[in-house]
Amino acid sequence: MSFQSLEWLFPAVITLHNAEEAIWFPSWSRRAGRWHAPVGPGIFRFGALVLTFLAYTVTGLSIQSGKQTIWTYLAFGYMVAMLANVLIPHLVVTVATRAYMPGLATGLALNLPVLSLLVFLAVSEEYVSGWKVAAYSAGVAGILLLFIVALFKVGRALNL
């Protein structure tokens, strides 16, 4: 099992995770209180679809470009961000509210084991290395958070 042979698992598990959220997150957000502002189904599903497409795009470009390329670092950063997403917010909010936050099941069952393996393989096989591992992990996570906010604004502007 090599990183490159398993890399397509990343967008596959993200698709399943985003599908779980797309089904249940909008109604959950209406009763989430301080944990999340309400978001309409169309707006959320638009954002989830774009983020899923982005996962497929960076994965394909990473596979084509190979080791130590910007695309592989971007895919790696996205993997780390989605791995962190299992804990913050899904697990933390579920524990804090004592109520299930949509996305936790796929996060724990799929994202956590698959993305942990991919991150481990990417580093051990030197697809990524050095200071760029931390920089892209933090940078991509921050950009994704801003991108989600922007996608929700676009969704509202489109009256989704």
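Residues numbered from 1 in each chain as written. Predicted model: local features only at pLDDT ≥ 70, side-chain atom pairs only at ≥ 80, totals over all residues. Heavy atoms only, no water.

**Q** Outline the packing of helix α4 (residues 70–97) against helix α5 (residues 104–124), supporting the account with residue identities and numerical values.
**A** Interaxial distance between α4 and α5 falls to 9 Å at its minimum, and their mutual angle equals 150 degrees. α4 and α5 meet at a crossing whose hand is left-handed. Residues Phe76, Met79, Val80, Met82, Leu83, Val86, His90, Leu91 and Thr94 of α4 pack against Leu104, Gly107, Leu108, Asn111, Leu112, Leu115, Ser116, Leu118, Val119, Ala122 and Val123 of α5. Grouping the constituent residues of the contact of α4 with α5 by class yields 15 nonpolar, five polar and no charged. (Axes fitted to C-alpha atoms, helices over the stretch in contact; angles between N-to-C directions. Helix = DSSP H or I, 4+ residues; strand = E, 2+ residues; numbered from the N terminus. Left-handed = near helix turned anticlockwise from the far one by under 90°. Contact = heavy atoms within 4.5 Å. Nonpolar A, V, L, I, M, F, W, Y, C, P; charged D, E, K, R; others polar.)

**Q** Tell me about unusual backbone geometry, and name the residues and values.
**A** Of the consecutive residues Ile88 and Pro89, the connecting peptide bond is found in the cis state with omega at 20 degrees. Tracing the sequence through the fold places Pro89 in helix α4. In this structure, Glu126 is a non-glycine residue whose phi angle is positive, near 60 degrees. Along the chain, the position of Glu126 falls in the loop between α5 and α6 (131–157).

**Q** Could you give an account of the layout of surface pockets, naming the residues involved and the relevant values?
**A** In this model, the largest pocket occupies a volume close to 810 Å³. Taken together, 33 residues make up the lining of the largest pocket; nearest its centre are His36, Asn85, Pro89, Leu145 and Ile148. The element that contributes the greatest number of residues to the lining of the largest pocket is α4, accounting for ten residues. Here the residues of the lining of the largest pocket are counted per class, giving 25 nonpolar, six polar and two charged. (1 Å grid on protein atoms, 1.4 Å probe; cavity = no way out; pocket = protein on both sides within 12 Å on 5 of 7 lines; lining within 4 Å. Points joined across faces, edges and corners; volume = space filled by probe spheres on them.)

**Q** Explain helix α3 (residues 41–65) to me, and be specific about the residues and the numbers.
**A** Across its 25 residues, α3 extends 36 Å between first and last C-alpha, which sits within 8% of the 36 Å expected from 1.5 Å per residue. Along α3, the residues classified as buried are Ile43, Phe44, Gly47, Ala48, Leu51, Thr52, Ala55, Val58, Thr59, Gly60 and Ser62. Where the residues of α3 are buried, they touch α2 (9–30), α4 and α6. Gly66, located one to two residues past α3, shows a positive phi value of around 85 degrees. (Expected span 1.5 Å × (residues − 1). Buried < 20%, exposed > 50% of the residue type's maximum accessible area, 1.4 Å probe, protein only.)

**Q** Requested: an account of the side chain of Glu20, with residues and values cited.
**A** Its location among the elements puts Glu20 in helix α2. The side chain of Glu20 sits in the buried core without any salt bridge; Arg31 is the nearest counter-charge, 11 Å away. Once residues lying within four places of it in the same chain are set aside, the contact partners of Glu20 are Tyr100, Pro102, Gly103, Leu104, Ala105 and Thr106. (Lys, Arg positive; Asp, Glu negative; His and termini not counted. Salt bridge = Lys/Arg side-chain N within 4 Å of Asp/Glu carboxyl O.)

**Q** Let's hear about the nonpolar core: which residues, and what values?
**A** By size, the foremost hydrophobic cluster in this structure holds 28 residues, and its most contacted members are Phe3, Phe10, Ile14, Tyr78, Met79, Leu115 and Leu118. Listing elements by their share of this core, those giving two or more residues are α1 (3–6), α2, α3, α4, α5 and α6. In terms of residue count, the dominant contributor to this core is α4 (eight residues). Met79 has contacts with Phe3, Glu7, Phe10, Leu115, Leu118 and Val119, leaving out every residue within four places of it along the chain. Judged by nonpolar contacts, the second largest core, of ten residues, contains Ala32, Val39, Phe44 and Met101. (Core = buried A, V, L, I, M, F, W, Y, C linked by side-chain atoms within 4.5 Å.)

**Q** Kindly report on the packing of aromatic side chains, identifying the contributing residues and their values.
**A** Enumeration according to the criterion identifies seven aromatic pairs in this entry. Each ring, one from Phe25 and one from Trp28, has its centre 5.1 Å from the other, and the planes form 45 degrees; the classification is tilted. With Phe25 and Trp28 both in helix α2 and three residues apart, this pair spans about one turn of that helix. Phe25 gets classed as buried once you look at its relative accessible area, which sits at 3%. Members of the aromatic cluster, joined through ring pairs, are Phe25, Trp28, Phe44 and Phe152. Its end group placed over the ring of Tyr127, Lys67 keeps NZ or CZ at 5.2 Å from the ring centre. (Phe/Tyr/Trp six-rings, centres within 6.5 Å; stacked < 30°, edge-to-face > 60°. Lys NZ or Arg CZ within 6 Å of the ring centre and 35° of its normal.)

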